[in-house]
2 protein chains.
Amino acid sequence: MTTTVNESTRNGVDTATLFATLDAVKAAPEAARFQFRARNEWLSGTHSRGTIDGFFGVGEERAHERTFHFDADHPAVLVGRDNGPTPVEYVLHALAACLTAGIANIAAARGVRLTEVRSTVTGDIDLNGILGLDPDVRNGYQNITVRFTVKGDAPAEKLREIVEQSRARSAVYDILTGQVPVAITVDAG
Amino acid sequence: MTTTVNESTRNGVDTATLFATLDAVKAAPEAARFQFRARNEWLSGTHSRGTIDGFFGVGEERAHERTFHFDADHPAVLVGRDNGPTPVEYVLHALAACLTAGIANIAAARGVRLTEVRSTVTGDIDLNGILGLDPDVRNGYQNITVRFTVKGDAPAEKLREIVEQSRARSAVYDILTGQVPVAITVDAG
């Protein structure tokens, strides 16, 4: 960092743009309607490849600066070939990334400079559920635990408040805890 | 594929191993207790990097054959630098991959050879929620739609039943629709 750095940038967040974006959405709430997408192609066994590129937002169709590809698979112990993480591990990654982005934004907005944000997310799952062996066991995680280490130029209590505000505004936290309606349609044959 | 191919392999799924795994878990249900994990390190702004390597299952600590890293970020329109997909896009990818792996396994178990499984998952989200501008708007997706194209050597109705059984046994579908308890702890300072 040099003395020429934009004074409105904190934690790598351009707070002036952040606040301008908030004002723009206040003035035109329909700009906040987004649609995100992922495509997937089955390769073999439990191995598939996901593609993420286009999305809709601020009134028009948009694209990421590059196309992202992600393989998913099961490990050998779950009769896969370990060509990628399991789908349920991607969920944990998504939760950590969402909370972390929120922490950086909220800290910046509150004038707190962060020096470190690390987390480990664990999810406990009993596969008797998805294997259909015990009807009393759910298919998904029985619980998820997120452990954050957060350091910055604010007292621990203020840092904890930032994490809590990130949780309160996290899209992925809400998706995992709020029962999103999911519809599946099939073009088969 | 040659005439020497293992006759128990269908759709790239080793069904003999799949059924043996089911029998092993029936005999020792505690083998099905898994813990998956993701670590995350904040880099700058909304950009963070996730790491997936170790997990616990079948009674012992295990590791993927290699360590997986995934960047997440926001696009410029959401005041990020687009170094990776958004966290909510990873959730869509996870759902597609989970349902697809299940389709391949279930089809194999039912003697159906698949030739194509493709899907597009879309999630509609109104950012007035996470921006805190409208208390009546949820933070997460308002709805998720999965569109599958499935082809194989079975009638369309049977292929649809396979997709439905995959949904009924999908860990990620359950996580998104079943309100997983999520706990967050913070080591701040």
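Described below are features of the structure shown in this document. All of these numbers come straight from a predicted model, not from anything done at the bench.

**Section: the packing of aromatic side chains**
A complete count under the given rule lists 14 aromatic pairs over all chains for this structure. Measuring from centroid to centroid gives 6.3 Å for Y90 of chain A and Y90 of chain B, while their planes differ by 20°, and the two rings are stacked. Here Y90 of chain A is found in helix α2 (residues 87-109), whereas its partner Y90 of chain B is found in helix α2 (residues 87-109) on a different chain. In this structure Y90 of chain A comes out as buried when scored by relative accessible area, which is 0%. Taken together, the ring pairs in this structure connect F68, F70 and Y90 of chain A together with F68, F70 and Y90 of chain B into an aromatic cluster.

**Digging into the relation of the copies chain B and chain A**
With an axial shift of 0.0 Å and an RMSD of 0.0 Å, the rotation relating chain B to chain A amounts to 180°. This pairing of chains is accounted for by a two-fold axis.

**What to know about the interface of chain B and chain A**
Between chain B and chain A, the residue contacts involve 127 residues of the former and 127 residues of the latter. A combined buried area of about 11,300 Å² lies between chain B and chain A, and 62% of that area is made up of carbon and sulfur atoms. Together, F36, W42 and H93 of chain B form the three largest contributors to the area buried by chain B at its contact with chain A, with a combined 7%. Linking chain B to chain A there are six salt bridges. Here D174 of chain A makes a salt bridge to R138 of chain B, at a shortest N to O gap of 2.8 Å. Taken together, the connections running from chain B to chain A amount to 44 residue pairs in polar contact (both at pLDDT 80 or more). In terms of residues, the side of chain B that touches chain A owes the most to one element, α2 of chain B, which gives 17 residues.

**Here's the deal with the pattern of salt bridges**
Where charged atoms from two side chains of opposite charge approach closely, those side chains can pair. What the rule picks out here adds up to 22 salt bridges over all chains. Measuring nitrogen to oxygen at the nearest pair gives 2.7 Å for the salt bridge that ties D53 of chain B to R39 of chain B. Of this pair, D53 of chain B sits in strand β4 (residues 47-57) while R39 of chain B sits in strand β3 (residues 33-44); the two residues are 14 residues apart in sequence, bridging distant segments of the chain. You can call D53 of chain B partly exposed: its relative accessible area is 26%. Residue R39 of chain B is classed as partly exposed on the basis of its relative accessible area, which comes to 38%. Salt bridges sharing common partners tie together E41 of chain A together with E116, R118 and K151 of chain B.

**A closer look at the pairing of strand β3 (residues 33-44) of chain A**
Relative to strand β6 (residues 114-126) of chain B, β3 of chain A runs antiparallel, the two being bridged by nine bridges. Looking at the pairing, R37 of chain A lines up with T122 of chain B of β6 of chain B. With six bridges connecting them, β3 of chain A and strand β4 (residues 47-57) of chain A associate as antiparallel partners. Each bridged residue has a counterpart across the sheet, and for E41 of chain A the counterpart in β4 of chain A is R49 of chain A. The hairpin turn running from β3 of chain A into β4 of chain A, its antiparallel successor, is two residues long, and G45 of chain A in that turn takes a positive phi close to 55°.

**So, the packing of α2 of chain B against helix α3 (residues 156-168) of chain B**
Residue and element names in this part refer to chain B. The geometry of α2 relative to α3 is characterised by a closest axis approach of 8 Å and an angle of 120° between their N-to-C directions. The pairing of α2 with α3 is recorded here as oblique in orientation. Our pair here, α2 against α3, has a crossing hand that is right-handed. The residues of α3 that touch α2, namely those facing C98, L99, G102, I103, I106 and A107, are I162, V163, Q165, S166 and R167.

**A look at the side chain of D73 of chain A**
Residues and elements named next belong to chain A. Mapped onto the secondary structure, D73 falls in the loop between β5 (60-72) and α2. Lacking a salt bridge, the buried D73 has R81 as its closest oppositely charged neighbour, with an N-O distance of 6.5 Å. Reaching out from D73, the side chain makes a polar contact with the backbone nitrogen of R81 at a distance of 3.2 Å. Residues contacting D73, with those up to four places away along its chain left out, are T46, H47, G80, R81, D82, N83, G84, P85, T86 and P87.

Reading guide: rules and limits
Residue numbering note: each chain is counted from 1, following its sequence as written. Throughout, the order in which chains and ligands are written sets their labels, letters from A for the former and numbers from 1 for the latter. Given that the model is predicted, a residue must reach a pLDDT of at least 70 before its local features are reported, and side-chain atom pairs must reach 80 or more before they are shown or counted; all residues, however, enter totals for whole chains, interfaces and linings. With hydrogens and water excluded, all non-hydrogen atoms of the structure serve as input to the side-chain values. Each Phe, Tyr or Trp ring (for Trp, its six-membered ring) is paired with any other whose centre lies within 6.5 Å, and the angle between the two planes then decides the class: stacked below 30 degrees, edge-to-face above 60, tilted in between. Numbering goes from the N terminus for both helices and strands, where a helix is a DSSP run of H or I of at least four residues and a strand is a run of E of at least two. Burial classes follow relative accessibility: with a 1.4 Å probe on protein chains only, a residue under 20% of its type's maximum area counts as buried, one over 50% as exposed, and anything between as partly exposed. C-alpha atoms of residues with pLDDT of at least 70 in both copies form the basis for the least-squares superposition of the copies. The criterion used for residue contact is that any of the two residues' heavy atoms lie within 4.5 Å. A 1.4 Å probe defines the accessible area here, and the buried area is the portion of it lost by two parts on being joined, summed over both. When a carboxyl oxygen of Asp or Glu is within 4 Å of a side-chain nitrogen of Lys or Arg, the pair counts as a salt bridge. Pairing of N or O atoms within 3.5 Å defines a polar contact, subject to two protein rules: one partner must be a possible hydrogen donor and the other a possible acceptor, and residues neighboring in sequence count only if both atoms are side-chain atoms. Strands are labelled as partners when DSSP assigns at least two bridges between them. Helix axes use the C-alpha atoms of the stretch in contact, all axes being lines fitted to C-alpha atoms, and the angles between their N-to-C directions lie in the range 0 to 180 degrees. Note on terminology: angles under 35 degrees are roughly parallel, angles over 145 are roughly antiparallel, angles of 65 to 115 are roughly perpendicular, and the others are oblique. Crossing handedness follows the turn of the near helix against the far one: under a right angle anticlockwise gives a left-handed crossing, and clockwise gives a right-handed one. As used throughout, the charge tally considers Lys and Arg to be positive and Asp and Glu to be negative, leaving His and the chain termini uncounted.

Treat this as a map of the structure, not an account of what it does.
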